[in-house]
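# Structural overview
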Amino acid sequence: MNRRFVFVVFALAAAWLAGVVVASGMGYIQVAPAEVARVLAARLLGRPEWLAGLDRVVPLVVFDVRLPRILCAALVGSGLALAGVVYQGVLRNPLADPYTLGVSTGAAFGAAVALLGNIDAVAVLSVPLFAFAGAVGVLAVVLWLASVDGRLHANTLILAGIVVGAILAAGISFLKYLADEQVSVIIFWLMGSFASRSWIHVGVVLAAVLAGGAVIFAYGRDLDILALGDRSAESLGLDAAKVRRRLLVAASLVAAVCVSVSGIIGFVGLIVPHLMRFVVGPDSRRLALVCLGGGGILLLAADTVSRAVLPREVPVGVLTALLGGPFFCYLFRRRRGFRGL
Amino acid sequence: MVCNGWRLRGVTYRYGAISALREVTVDLAPALFHGVIGPNGSGKTTLLDILLGLRRPLAGEVWFDGQPIAAYGRRELAQRMALVPQEFSVDFDYTVTDVVTMGRHPYLPRFGAPGEEDRRAVERAMSLLDIAAFADRPVTGLSGGEKQRVVVARALAQDTPYLLLDEATASLDIRHTLQILDTARRLVTEEGRTVVAVLHDCNLAAAFCDRLLVLDRGRLAAYGPPAEVLTPALFARVFGVEARLRREEGRLRLDFVGICC
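Now for a description of the structure that goes with this document. Just so it is clear, the structure is predicted and the values come from calculations on it, not from any experiment.

Another point: the overall build of chain A. Scanning chain A from N- to C-terminus turns up 14 helices and two strands. Whereas a compact globule of 341 residues would reach a radius of gyration of roughly 20 Å, chain A reaches 20 Å, a difference of no more than 12%. The proportion of buried residues among the 341 residues of chain A is 55%. Sequence-distant contacts in chain A: of pairs separated by 6 or more residues, those separated by 24 or more amount to 75%. When the accessible surface of chain A is split by element, carbon and sulfur atoms take 69% of a total near 14700 Å². Side-chain charges of chain A comprise 28 positive and 17 negative groups, with the mean position of each set lying 10 Å from the other.

Next comes the structure, spelled out in structure tokens:
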């Protein structure tokens, strides 16, 4: 079991790295993987002389245009999968995903406000900041709604998330109605995309994923214990409400940053934890670690298909839902219901 | 570690307007098998939660091992008391070993992994409950009886001087029920640990327990050795049933004749 886990971790890390290099070469201008590797090495290690002999446009395309987008996609995939692990564990519900508490609808509402108002006070980060504010606002309301006597119950949380999400969905419809000509911008944002993401976005998502990962690692065993139910967990010395709140806030903040940067990308946060649970079992720390890799690879692949394989760019959120949905149904049938998932 | 049991003084608890425990005053001495009996809704589970420190009484005092129970941290309490709940469901396919190892949680540092001592406690608990054979199987695939043995093993791996069973055998057949109560009995007799068990079957309670605590609508109706506590008058008053008692080879036997008005 231990050996297998180490093998899986290394295999995922290698696949992730290979994925980044191969994807960086794909697109309108094809670049061989060896050349991509050369560009990466030269830029990362500060050796411009290694670029000698390459077309001058190649480093520009690879490092300044494609790589930020690719890393953004990979990191958002990691973040969503990580948040999915926490949500499924904390809510004790195999159908929970990073958007269950309405974080995505909150982000969408915030983004719609920014897009409708043409707000660009903070340049490329304006829409993400509004989206983030919307997501955090919704999270605060949902946590407040679901707290009964200082306790947080899984079902109450899910219900509160659905109710608040439904209200905001109506709000988004209203904004779309008001938006008139800009409605297409809002719709495009809602479908999720990594087009023209920059290194700033990469930095923001990376920071969120690292911080969220640290919290989840620290509380990983507590998350396992929560699977026994609150009373058993508390008799093992756990403050179930506190642990649940901290984990949910951490995962929601990661999801909020992801959705702010990318728009709404469904199914990654739902499927990856399930897939990885088949491979490494339910232990939360191990699961979280391999989900970082699995989620990153999956979304990177989806974004690359949408960007470089299809004749015309399809919003990646649409692609993940179109492919991920049926795949989830297949898993569901094969495992005969959710018990085994 | 000082072990001198619980001292409850005037313990009262309510859920909103519904009274669960009313002024319960009792001392539970260590190294005994205490049984808690009473009709449904008489406050047995609430009493267990109070003993575990999971609920604070709204009035009255709870002393545990010589200190007010509120003076202990959650981890400290978890190192002294383990709970076997009535129902057990676990999400996701944790293996039997995973679940039993969770019993070591109160001893593990936040970033540490289970060590040699933890592994020994886990192995010992699994062999006591005779579940080592399916150590690597997922808990979700086990039968009810096997699952409950896993939960008991998890509580034993916690290696605490006090063990609390909350109708732990309610869903089990007679063989598994006896196996679990036997194990608990041995922990008391051979190792001097203390067991508090909520039981429904009064014959089993009489057979296994050193002391019986009877709850009636939140009040303490009786407390003492089974032979003194279990009387026809008590069954009529508390349970509303007509009971006959006889002694058979030194053991108390109860026959329930019918419902009395």
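The structure having been displayed, the exposition proceeds.
Once that is clear, we can look at the environment of A:R312. Residues and elements named next belong to chain A. Relative to the helices and strands, R312 is located in the loop between α13 (284-309) and α14 (316-334). By relative accessible area, R312 is classed as exposed at 69%. Spatially, the C-alpha atoms of R312 and V36 are 24 Å apart, while their sequence positions differ by 276 residues.

What follows deals with a nonpolar patch on the surface. All names here are of chain A. Judged by side-chain polarity, Y28, I29, V57 and L60 come together as a nonpolar surface patch covering roughly 430 Å² of accessible area. When you line up the elements, V57 lands in helix α3 (residues 57-90). Judged by relative accessible area, which is 33%, V57 ranks as partly exposed.

Summary: where empty space remains is shown by rolling a probe the size of a single water molecule over the atoms. Estimated volume of the second largest pocket: approximately 680 Å³. If you go around the second largest pocket, you meet 24 residues; those closest to its centre are A:R151, A:E234, B:Y13, B:L54 and B:R55. Only α10 (230-235) of chain A together with β1 (6-15), α1 (44-52) and α2 (74-80) of chain B provide two or more residues apiece to the lining of the second largest pocket. Residues belonging to the lining of the second largest pocket are distributed by class as follows: nine nonpolar, five polar and 10 charged.

Here we take up the interface of chain B and chain A. You'll often see interface size given as the accessible area lost when the parts meet. Taken together, the contact between chain B and chain A spans 32 residues of the former and 29 residues of the latter. Between chain B and chain A, a total of about 2700 Å² is buried, with carbon and sulfur atoms accounting for 52% of that surface. The three residues of chain B that bury the most area against chain A are B:F92, B:H105 and B:R110, which together make up 27% of that side's buried surface. In this assembly, chain B and chain A are joined by four salt bridges. Note that A:R231 is salt-bridged to B:D49, the shortest N-O span being 2.7 Å.

Basis of the calculations
Residues numbered from 1 in each chain as written. Chains lettered and ligands numbered in written order. Predicted model: local features only at pLDDT ≥ 70, side-chain atom pairs only at ≥ 80, totals over all residues. Heavy atoms only, no water. Helix = DSSP H or I, 4+ residues; strand = E, 2+ residues; numbered from the N terminus. Rg over C-alpha atoms; globule rule 2.2 N^0.38 Å. Buried < 20%, exposed > 50% of the residue type's maximum accessible area, 1.4 Å probe, protein only. Contact = heavy atoms within 4.5 Å. Areas by Shrake-Rupley, 256 points an atom, 1.4 Å probe, with all protein chains shown as cover. Lys, Arg positive; Asp, Glu negative; His and termini not counted. Charge placed at Lys NZ, Arg CZ, Asp CG, Glu CD. Patch = residues over 30% accessible without salt bridge, like charges linked within 9 Å, V, L, I, M, F, W, Y side chains within 5 Å. Salt bridge = Lys/Arg side-chain N within 4 Å of Asp/Glu carboxyl O. 1 Å grid on protein atoms, 1.4 Å probe; cavity = no way out; pocket = protein on both sides within 12 Å on 5 of 7 lines; lining within 4 Å. Points joined across faces, edges and corners; volume = space filled by probe spheres on them. Nonpolar A, V, L, I, M, F, W, Y, C, P; charged D, E, K, R; others polar. Buried area = accessible area lost by both parts, 1.4 Å probe.

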